[in-house]
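# Topology and contacts: notes
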Amino acid sequence: MKRLFLGFFLVFLFSCPARASDFAAVLEKSSLEIALEPSYIKYKEPGIMRESGVMLGISGAYIYRDNAMLKAEARGSWGEVDYRNSGRINNIQDSIIELRALGGYDLPVKEKLTLTPYLGFGYRYLKEDGKNRISSTNAIFYDRISRYYYSPVGIEAKYALENNWSIGATAEYDIFWKGKQQSNLGYIGSGFEDAKNNQDRGYGVRSSIKVQRKLDEFNLLIEPFARYWNIKKSDVADQGFEPKNRSLELGCRIGMVF
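All of the points below concern the structure found in this document. (Residues numbered from 1 in each chain as written. Predicted model: local features only at pLDDT ≥ 70, side-chain atom pairs only at ≥ 80, totals over all residues. Heavy atoms only, no water.)

One pass over the full model with this rule turns up four cavities of 30 Å³ or more. Taken as a whole, the largest cavity holds about 410 Å³ of empty space. In terms of lining residues, the largest cavity is bounded by 26 residues, among which Lys71, Glu73, Arg100, Glu223 and Arg227 are the most central. Secondary-structure elements contributing two or more residues to the lining of the largest cavity are strand 1 (30-45), strand 2 (49-66), strand 3 (68-84), strand 4 (88-105), strand 8 (165-184), strand 10 (202-214) and strand 11 (219-231). Per-element tally for the lining of the largest cavity: the top contributor is strand 3, with five residues. Of the residues assigned to the lining of the largest cavity, the class counts are seven nonpolar, five polar and 14 charged. In this structure, the second largest cavity occupies an estimated 230 Å³ of space. (1 Å grid on protein atoms, 1.4 Å probe; cavity = no way out; pocket = protein on both sides within 12 Å on 5 of 7 lines; lining within 4 Å. Points joined across faces, edges and corners; volume = space filled by probe spheres on them. Helix = DSSP H or I, 4+ residues; strand = E, 2+ residues; numbered from the N terminus. Nonpolar A, V, L, I, M, F, W, Y, C, P; charged D, E, K, R; others polar.)

All right, on to the packing of aromatic side chains then. For the structure on display, the rule yields eight aromatic pairs. Centre to centre, the rings of Phe218 and Phe258 are 6.0 Å apart; their planes meet at 55 degrees, and the pair counts as tilted. Of the two residues, Phe218 is situated in the loop between strand 10 and strand 11 and Phe258 in the segment after strand 14 (245-257); the sequence distance between them amounts to 40 residues. The exposure class assigned to Phe218 is partly exposed, which follows from its relative accessible area of 23%. With relative accessibility at 45%, the residue Phe258 sits in the partly exposed group. One aromatic cluster is present, formed by Tyr148, Tyr150, Phe176 and Trp229 through successive ring pairs. Above the plane of the ring of Phe225 lies Arg227, whose end atom (NZ or CZ) is 3.8 Å from the centre. Residue placement shows Lys233 over the ring face of Phe241; its charged tip is 4.4 Å from the ring centre. (Phe/Tyr/Trp six-rings, centres within 6.5 Å; stacked < 30°, edge-to-face > 60°. Buried < 20%, exposed > 50% of the residue type's maximum accessible area, 1.4 Å probe, protein only. Lys NZ or Arg CZ within 6 Å of the ring centre and 35° of its normal.)

Here the focus is the side chain of Ser31. One can find Ser31 in strand 1. Judged by its relative accessible area of 13%, Ser31 falls in the buried class. Setting aside anything within four residues of it in sequence, one finds Ser31 in contact with Ala61, Tyr62, Ile63, Val257 and Phe258. (Contact = heavy atoms within 4.5 Å.)

Further remarks concern a positive patch on the surface. Together, Lys42, Lys44, Arg50, Arg88, Arg201, Lys232, Lys233, Lys244 and Arg246 line one region of the surface with positive charge. On the secondary structure map, Arg50 appears in strand 2. (Patch = residues over 30% accessible without salt bridge, like charges linked within 9 Å, V, L, I, M, F, W, Y side chains within 5 Å. Areas by Shrake-Rupley, 256 points an atom, 1.4 Å probe, with all protein chains shown as cover. Salt bridge = Lys/Arg side-chain N within 4 Å of Asp/Glu carboxyl O. Lys, Arg positive; Asp, Glu negative; His and termini not counted. Charge placed at Lys NZ, Arg CZ, Asp CG, Glu CD.)

One non-glycine residue, Asn67, lies in the positive phi region at around 70 degrees. Mapped onto the secondary structure, Asn67 falls in the loop between strand 2 and strand 3. For Asn67, a relative accessible area of 32% gives the class partly exposed. A positive phi angle, close to 60 degrees, is found at Asn91, a residue other than glycine. Within the secondary structure, Asn91 is located in strand 4. Among the residues examined, Asn91 registers a relative accessible area of 42% and is labelled partly exposed.

Moving on, we get to the nonpolar core. Grouped together as the largest cluster of nonpolar side chains are eleven residues: Ile41, Tyr43, Met49, Met55, Val81, Tyr83, Ile89, Ile92, Ile96, Leu126 and Phe141. Elements supplying a minimum of two residues to this core: strand 1, strand 2, strand 3 and strand 4. Considering every element that reaches this core, the biggest residue donor is strand 4, with three residues. The contact partners of Phe141, leaving out residues within four places of it in the chain, are Glu51, Tyr83, Ile89, Ile92, Glu128, Gly130, Lys131, Asn132, Arg133 and Tyr187. (Core = buried A, V, L, I, M, F, W, Y, C linked by side-chain atoms within 4.5 Å.)

Along the chain, Ile140 falls in the loop between strand 6 (113-129) and strand 7 (143-160). Given a relative accessible area of 43%, Ile140 falls into the partly exposed group. Remark: the alpha-carbon pair of Ile140 and Leu185, spanning 45 residues in sequence, is separated by 9.5 Å.

In C-alpha cells, the structure reads:
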C-alpha cells in the first residue's frame, strides 16, 4: 500500500508540465531559512504511560527553484518532559534531530498563486535521557532512543499579498518505512539487557501556515505548525516489545529568509 501510494504521487508529480508564467512575485529562485522553534510535545502509549513538555529548537532550510524545487531541511530541538504512569518523573531531558531532503515541481495556478507537490526522504532521531532517574513509585527509568525513516508526500501553496506580504500553507502525509527503538536497560543490573525493537507500521501527518513579510535585508517568517505520529506495536524481542504510541507536537517557527 505504501509503494502504491508513492507510485501514484510520482506519476502525478512528473506528468505535470511547467507553464510559462511569471510567478517571481511568489517564489524566489533560491532562499535560505533560519528559524527558532518553540513547541509543546505530547507523547502517549494508550493505557500505559504519557509524557508532555516544552521544547525549544532551531531549524534551517535551503530551497532551490527552477520550475523544479529542491529543498534540504535540518532541525534540532531540546527540552524537558514530564513522565506519568502509576508514578511520575519530572524534567526528563529530551532531544530531537530531524533531516529531510525534498523534491517537487512548482505549478503556477494564477499570477500570484503557486502549488508545489513534493516528496522526499526523512530521518527523525529522538533521545530521552532517563538513566538513573527514579519515579515516585520507585520504578527505575532508562535511556530511550527512537529512529524513524519515512517519506514525506505533500503539497505547498503560496500566495503573494499586497505590501510585500505573502501567505502559504502546507499539508503532508508521512509514509513510515521503518522505526528502530532502543531501550538501554543493561545498566540496571543482572538479568537486564539493552532491548532493540523494529517498527514497520504507522504514519505521520503534518501541516503549517506560513506568513512572510519582505523587508530590506531579509523576509520575516512566522509559521505555526502541527506534527503528528501514529506508530503501531513493534516486533517482540527478548526484553519485550514497544507498545503502540502517538505523539503530537504543536509549535511555531519564527525566523528569517535570505
